[in-house]
Structures are given as C-alpha cells and as structure tokens.
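# An overview of the molecular structure
Next come the chains, spelled out residue by residue.
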Amino acid sequence: MNAGLISVAVFPVLIAALQGLIGFPLTSVILRKEALRIRDGVRDGSITRKAAIDQAETSEKQTISPEPFQTTAGTLFVVGVVVIVSSFLSGLTNGWLNTFVIALLLGIALRATGVLKPNVLNGIDAYGLMMLVILLIIFGPLATTSFADLVELFVPLLIAFILGVLGIVLFSMLAGKFLGYSYPMAIAIDLTSLYGFPGTLILSQQAAKNIGETEDEVQIIEDEILPKMVVAGFSTVN
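Computed from a predicted model, the values in this text were never measured in an experiment. (Residues numbered from 1 in each chain as written. Predicted model: local features only at pLDDT ≥ 70, side-chain atom pairs only at ≥ 80, totals over all residues. Heavy atoms only, no water.)

On to the environment of Ser182. Within the fold, Ser182 resides in the loop between helix 8 (154–179) and helix 9 (183–191). Classification of Ser182 as buried rests on a relative accessible area of 18%. Once the C-alpha coordinates of Ser182 and Ser172 are considered, the two residues, 10 residues apart in sequence, prove to be 9.7 Å apart. Not counting residues up to four positions away in its chain, the partners in contact with Ser182 are Glu34 and Arg37. (Helix = DSSP H or I, 4+ residues; strand = E, 2+ residues; numbered from the N terminus. Buried < 20%, exposed > 50% of the residue type's maximum accessible area, 1.4 Å probe, protein only. Contact = heavy atoms within 4.5 Å.)

Next up on the list: the packing of helix 8 against helix 9. Closest axis-to-axis distance for the helix 8/helix 9 pair is 8 Å, and the angle between their directions is 125 degrees. Judged on the interaxial angle alone, helix 9 and helix 8 are oblique. Here helix 8 and helix 9 pass one another in a crossing that is right-handed. Only Tyr183, Ala186, Ile187, Asp190 and Leu191 of helix 9 make contact with helix 8, whose side of the interface consists of Ile168, Val169, Phe171, Ser172, Met173, Gly176 and Lys177. Partitioning the contact of helix 8 with helix 9 into residue classes produces 8 nonpolar, 2 polar and 2 charged. (Axes fitted to C-alpha atoms, helices over the stretch in contact; angles between N-to-C directions. Parallel < 35°, antiparallel > 145°, perpendicular 65-115°, else oblique. Left-handed = near helix turned anticlockwise from the far one by under 90°. Nonpolar A, V, L, I, M, F, W, Y, C, P; charged D, E, K, R; others polar.)

Turning to helix 3 (residues 72–92), a few remarks are in order. Here helix 3 contains 21 residues, and its C-alpha end-to-end distance of 30 Å stays within 8% of the 30 Å for a straight helix at 1.5 Å per residue. Within two residues after helix 3, Asn94 carries a phi angle of roughly 55 degrees, on the positive side. (Expected span 1.5 Å × (residues − 1).)

Next up on the list: the packing of helix 3 against helix 4 (residues 99–112). The N-to-C vectors of helix 3 and helix 4 enclose an angle of 130 degrees; their axes lie 8 Å apart at closest approach. Relative to helix 4, the element helix 3 lies oblique. Helix 3 and helix 4 meet at a crossing whose hand is right-handed. Seen from helix 3, the contacting residues are Val82, Val83, Val85, Ser86, Ser87, Leu89 and Ser90; seen from helix 4, they are Thr99, Ile102, Ala103, Leu106 and Leu110.

This part covers the pattern of salt bridges. Applying the stated rule across the entire model yields 5 salt bridges. With a shortest N-O distance of 2.7 Å, Arg37 and Glu34 are connected by a salt bridge. Taken together, the positions of Arg37 and Glu34, both in helix 1 (residues 6–44) and 3 residues apart, correspond to about one turn of that helix. Owing to a relative accessible area of 40%, Arg37 belongs among the partly exposed residues under this scheme. For the salt bridge of Arg43 with Glu213, the shortest nitrogen-to-oxygen distance reads 3.0 Å. In this pair, Arg43 is assigned in helix 1 and Glu213 in the loop between helix 10 (199–211) and helix 11 (215–237), connecting sequence segments 170 residues apart. (Salt bridge = Lys/Arg side-chain N within 4 Å of Asp/Glu carboxyl O.)

This brings us to the nonpolar core. Leu31, Met185, Ile221, Ile225 and Met229 are the most contacted members of the largest nonpolar core, which has 25 residues in total. Take this core: its biggest share by element is 6 residues, from helix 11. Discounting chain neighbours no more than four positions away, the residues touching Leu31 are Met185, Ala188, Leu203, Ser204, Ala207, Ile225 and Met229. (Core = buried A, V, L, I, M, F, W, Y, C linked by side-chain atoms within 4.5 Å.)

Describing an aromatic ring pair means giving the distance of the ring centres and the angle of the ring planes. With the rule as written, the count across this model stands at 1 aromatic pair. With centroids separated by 5.4 Å and ring planes inclined at 80 degrees, the aromatic side chains of Phe24 and Tyr195 adopt a geometry described as edge-to-face. One end of the pair, Phe24, is in helix 1; the other, Tyr195, is in the loop between helix 9 and helix 10, with 171 residues separating them in the sequence. Exposure class is identical for Phe24 and Tyr195. Each is buried. In this structure, Lys228 is placed above the aromatic ring of Tyr181, and the distance from its NZ or CZ to the ring centre is 5.7 Å. (Phe/Tyr/Trp six-rings, centres within 6.5 Å; stacked < 30°, edge-to-face > 60°. Lys NZ or Arg CZ within 6 Å of the ring centre and 35° of its normal.)

In structure tokens form, the structure reads like this:
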C-alpha cells in the first residue's frame, strides 16, 4: 500500500474472498460422483454399513441437562456459550487454536457427558437457522469485494484459480492413489483448502441426501464421506 501497489494488496484479499465461491460448487459436483459410487457399491453389496452404536439406543439416551436447557431457547443458549468459550480460548492462544476446532472438541465432550443429546439442532428445529448462519460465514467476505476490483483483476484471478485448482486435482489424484482413496474423494478432500469447515459439513450432508434414495443409503454415504471431509475442513481452518 505504501508503494502505491494497490492492486497487489487487493489481489490476495480477492482470492481469499472468492475461493469459497469457486470451491463450493466444484466440491458439490465431485462429492455427488463419490456419493453415486458409494450408492452403487451399497446396491451391489460391495459396501456395507460400518458397525456403529445402535441408533435407537443413542436417540433414547437421556441428557443430564435441566429441562429448561432442553428447549429451543435453552439449547441455543448452551450452543452460544460454547461458541463464546471457544472464542475466548482461541484468543488466549492468539488464534493458534482455531475457534471451530475448540468448539468441536467442546461439543464432543458435552455430547459424551450427556449435556447435549444427539442431533441436538434437528431436535429443536434450529438446524436450518444454523445452516443459514454458516452460509453467511462462508460467503461473508464477498461483501467487502468491490465490482471495480473484480473487473481490474479478473484475468489474474482467473489464471490463479485455474492453476490452483489444476494443481489440487493433479496432487489429489497422486495422493489418492497412494492412500487408496477414489479420485473423486481425494479431489473433494483437497478442495477443502478453498473453504474449510463448516462448508465441508454442509456439502457432505447434501451429497448424501441428494443421492441416497433410502434412509440406509443416505446414512452409509454420509458415514463414508463426512468424517474425511470434516477432518480435512478442520485441518484447513487450523
């Protein structure tokens, strides 16, 4: 900025603001291919549901939270407190530990101790609200991007994204082959570097629900995709 190179200063800001807009639709298309592969595997018997805790038992497990904290307002209050505590702890580490990562760990702890029940947001009909907030977080940086900046740096941005995505795809195919992942799954994991969590959660669930035609198919697809994507997403933000 002091040297008068305004476009050079704006360029990385635009990349940071727009990379989610590029990564989101690309990952969505690729995850659909992976979901189709898994669904076909389920139907021909090559992929079966992993052994897990009995869902009915889990759903019936009582929480230790007082009755007022099991209502919609009470649950959102608990979630809000977790976010505040996560932000505070992240601040103590000067951001070295990401707020999302701390919130995830606290959420796991609260779930394991019975403070929160399984699928707590679905249970209080607040899931849609949370997804809206998450989308605002993902695409919020676009509000700081001016149209004039986009026009001026359109070609450099296009080149940067083409080369970046091409590099991601090529590396993913090599790494995926080495690690035993399918090409779509490997590419989807690497594309999380463009947006990170919580986008990984949304895209995984959407792919499972859009491709799976039965409850079992949806659950198996989600079990195969979601853990890998969430770990990748948290690695990105941290």
